[in-house]
Amino acid sequence: MADTDTKKPADAPAGEIILPLEVIDRAPDADRKRPRRRFRPIFLLPLVLLLIPTGGVLGMYFQPTGLQRFFQTFGLTPGGGTETPIAIAVERPPEGDAAAPVPMVVGLGRLVPQTDIRTLAPPFGAGDARIAELNVREGDQVASGDVLAVLDNRGALEQAVATARANVEVRTATLAQTRRNTESAAAEAEAGLQKAQAALTNAQAEFDRYQTLFERGIVTRAALDQRRSTLDQATQEVERAAATASRYERNGTDDQVDVTVAKRNLDAALADLERARADLEKAFIRAPADGTVIAIHVREGEKPGTSGVLDLGDISAMTAEVEIYQSDIRRVSLGQSVIVTADAFEGELTGTVADIGLEVGRQTIVGDDPAANTDARVITVNVDLDEESSQIAARFINLEVLARIETDARATP
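Residues numbered from 1 in each chain as written. Predicted model: local features only at pLDDT ≥ 70, side-chain atom pairs only at ≥ 80, totals over all residues. Heavy atoms only, no water.

Participant: Lay out the overall build of the protein chain in plain terms, naming residues and giving numbers.
Facilitator: The secondary structure content of the protein chain amounts to seven helices and 13 strands. Across the 413 residues that make up the protein chain, the buried fraction comes to 27%. Sequence-distant contacts in the protein chain: of pairs separated by 6 or more residues, those separated by 24 or more amount to 75%. Of the roughly 28,600 Å² of accessible surface on the protein chain, a fraction of 52% belongs to carbon and sulfur atoms. (Helix = DSSP H or I, 4+ residues; strand = E, 2+ residues; numbered from the N terminus. Buried < 20%, exposed > 50% of the residue type's maximum accessible area, 1.4 Å probe, protein only. Contact = heavy atoms within 4.5 Å. Areas by Shrake-Rupley, 256 points an atom, 1.4 Å probe, with all protein chains shown as cover.)

Participant: Residue-level account of the sheet that holds strand β6 (residues 284-286), with values.
Facilitator: Spatially, three strands are ordered β3-β5-β6 in an open sheet, and the strand pairing comes out antiparallel. Looking at the sheet topology across the chains shown, the edges are occupied by β3 (131-134) and β6. Strand after strand, the sheet turns through a mean of 20° between neighbouring axes, direction not considered. (Pairing = 2+ DSSP bridges. Axes fitted to C-alpha atoms, helices over the stretch in contact; angles between N-to-C directions.)

Participant: Which residues make up the sheet that holds strand β7 (residues 291-296), and what values do they have?
Facilitator: Spatially, four strands are ordered β2-β8-β7-β4 in an open sheet, and the strand pairing comes out antiparallel. Strands at the two margins of the open sheet, each flanked by one partner only, are β2 (118-120) and β4 (141-142). In terms of strand pairing, β4 meets β7 through two bridges, oriented antiparallel. Bridge pairing in β7 places Val 142 opposite Gly 291.

Participant: Summarise the packing of aromatic side chains; cite the residues concerned and give the values.
Facilitator: Evaluation of the coordinates by the stated rule reveals one aromatic pair. Seen in terms of ring centroids, Phe 345 and Phe 396 are 5.9 Å apart; in terms of plane orientation they differ by 45°. Their pairing is tilted. One end of the pair, Phe 345, is in the loop between β10 (337-341) and β11 (349-362); the other, Phe 396, is in the loop between α7 (387-393) and β13 (400-406), and 51 residues separate them in sequence. Of the two residues, Phe 345 and Phe 396, both sit in the buried class. (Phe/Tyr/Trp six-rings, centres within 6.5 Å; stacked < 30°, edge-to-face > 60°.)

Participant: Lay out the environment of Ile 339 in plain terms, naming residues and giving numbers.
Facilitator: Looking at the element boundaries, Ile 339 is found in strand β10. For Ile 339 and Val 106, which are 233 residues apart along the polypeptide, the C-alpha to C-alpha distance reads 9.7 Å. The contact partners of Ile 339, leaving out residues within four places of it in the chain, are Glu 348, Leu 349, Leu 402, Ala 403, Arg 404 and Glu 406.

Participant: How would you summarise helix α6 (residues 257-280) if you had to cite specific residues and measurements?
Facilitator: Helical geometry note: an α-helix holds 3.6 residues per turn, so side chains three or four residues apart project in the same direction. For α6, with 24 residues, the first-to-last C-alpha span of 35 Å sits near the 34 Å given by 1.5 Å per residue. Along α6, the residues that are buried comprise Val 259, Ala 262, Leu 266, Ala 269, Leu 273, Ala 276 and Leu 280. Looking at the buried side of α6, the elements it contacts are α4 (154-216) and β6. (Expected span 1.5 Å × (residues − 1).)

Participant: Break down unusual backbone geometry for me, with residues and values.
Facilitator: With phi around 65°, Asn 398 is a residue other than glycine that occupies positive phi space. Mapped onto the elements, Asn 398 comes out in the loop between α7 and β13.

Participant: So what's going on with the pairing of β10? Residues and values would help.
Facilitator: The side chains of a regular strand alternate, residue by residue, between the two faces of the sheet. Among the five residues in β10, four count as buried, and that is most of the element. Two elements, β10 and β11, share four bridges in a ladder whose sense is antiparallel. Its bridge partner being in β11, Ser 337 is matched across the sheet by Thr 352. Pairing geometry for β10 and β13, over four bridges, is antiparallel. By the bridge assignment, Val 340 is partnered in β13 with Ala 403.

Participant: So what's going on with the packing of α4 against α6? Residues and values would help.
Facilitator: One can describe the packing of α4 onto α6 by two numbers: an axis separation of 8 Å at closest approach and a directional angle of 165°. Considering the angle they form, α4 stands roughly antiparallel to α6. The element α4 and its partner α6 pack so that their crossing is left-handed. Among the residues forming the contact of α4 with α6, the class breakdown is 14 nonpolar, six polar and 10 charged. (Parallel < 35°, antiparallel > 145°, perpendicular 65-115°, else oblique. Left-handed = near helix turned anticlockwise from the far one by under 90°. Nonpolar A, V, L, I, M, F, W, Y, C, P; charged D, E, K, R; others polar.)

Participant: Talk me through the pairing of strand β8 (residues 310-313); I want residue IDs and the actual numbers.
Facilitator: Side-chain alternation along β8 places Leu 310 and Leu 312 on one buried face and Asp 311 and Gly 313 on a second face that is also buried. Note: β2 against β8, three bridges, orientation antiparallel. Considered in β8, the bridge of Leu 120 is made with Leu 310. Pairing analysis gives four bridges linking β7 to β8, with the strands arranged antiparallel. Counterpart to Thr 292 in the pairing with β8 is Gly 313.

Participant: Could you give an account of the pattern of salt bridges, with specific residues and numbers?
Facilitator: Should the charged atoms of two oppositely charged side chains come close, the side chains can pair. If you walk through the whole model with that rule in mind, you get 13 salt bridges. The closest approach of N and O atoms between Arg 110 and Glu 321, which form a salt bridge, is 3.9 Å. Placement of the pair is Arg 110 in strand β1 (residues 104-113) and Glu 321 in strand β9 (residues 318-325), with a sequence separation of 211 residues. Residues joined in a network through salt bridges with shared partners are Glu 206, Arg 209 and Arg 227. (Salt bridge = Lys/Arg side-chain N within 4 Å of Asp/Glu carboxyl O.)

Participant: Break down α4 for me, with residues and values.
Facilitator: Taking 1.5 Å of rise per residue, 63 residues should cover 93 Å, and α4 covers 93 Å from first to last C-alpha, within 8% of that figure. Count one or two residues on from α4 and you reach Gly 217, which has phi positive near 85°.

Participant: How would you explain the environment of Ile 117 if you had to name every residue and give the values?
Facilitator: For Ile 117, the location among the structural elements is in the loop between β1 and β2. Note on Ile 117: relative accessible area 30%, which makes it partly exposed. A sequence separation of 197 residues divides Ile 117 from Asp 314, and the C-alpha atoms of the two residues are 7.7 Å apart.

So this is what it looks like as structure tokens:
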């Protein structure tokens with residue numbers, strides 16, 4: 001104990017035990033006095049921020065009784081404060097009637113004329129022709145046969161028509177000339193026959209006279225033989241002239257070979273003229289029926305492509321082609337009322353179901369929702385719009401619309 005410092009301080013009270021310094025330094029840390037930590041509420045802020053949206057979502061989804069009474073008390077509607085509400089209450093069918101049908105079938109569609117839209121292309125055989133004249137504008141009313149556009153091959157085709165027409169005139173004149181020549185030849189043949197017959201009569205009389213003289217011994221046999229030779233020649237000449245004349249009498253002028261050839265040449269020239277006139281139509285694009293010019297795809301100087309020259313259709317009666325999911329088509333019937341809406345026009349268009357397709361195909365009209373099913377199987381339903389709605393829809397060809405078919409309405413068989 002000699003090495004331990006046990007000195008007592010001068011101000012130490014009497015009777016107090018003084019421990020050595022080494023003993024005090026070896027005391028446990030737990031016995032030392034620690035500073036007291038203060039509670040900081042800022043650490044609860046993330047928890048509060050998480051609980052607020054969670055409670056809002058749960059409240060919108062489940063809508064407990066207290067929340068519903070709060071809305072009823074203050075006359076509020078879930079989602080009424082926005083144009084695109086997401087918290088609208090869903091009407092559930094009464095218990096025990098889980099299969100109750102929804103009163104409407106909804107589908108996307110497009111506005112089109114009741115008659116198909118015709119895409120007019122250049123005539124067959126137009127080749128590399130380009131548009132020289134465009135006689136219509138979009139929205140113009142046209143009648144069947146009207147010239148809508150003219151191609152730049154018009155000049156060459158008109159020249160071909162003029163050449164063919166001149167050839168017809170030449171062939172016509174040739175035929176007339178051949179007929180006149182044939183008639184003249186027929187007249188000459190008849191005159192030759194008459195002359196030959198007259199010569200034969202004279203030769204026969206001369207021969208008869210010389211034969212009488214020969215029998216009397218006045219003339220020699222040589223003189224008689226000479227008259228017989230003349231008679232034979234006259235007889236042959238009559239036969240030849242008669243054959244020539246009979247050819248014209250038997251066949252007539254138009255049946256002569258020369259005339260027949262001239263007529264066939266004229267027929268060929270007329271055929272060439274008709275072909276040239278038909279080819280001239282390749283320079284014009286005409287309206288196949290009455291309608292309205294919906295769209296023009298080319299301008300003057302351009303060569304028409306695969307999209308054609310223009311689209312033509314009758315927009316006086318419009319229809320909506322609506323794609324209905326195959327699972328909902330059983331609730332659609334002919335004659336049901338349909339309401340058609342779109343952002344492009346105000347109000348609603350009305351119509352009735354006029355036709356229900358037979359083929360199930362892939363959906364071609366997709367909404368703006370990126371999560372929408374783009375590979376749905378649908379059936380096309382045609383909705384005929386009424387007269388007032390058709391006038392509105394005529395300004396929006398191929399416009400995407402939303403159609404609501406009232407399946408609870410009475411349908412006509």
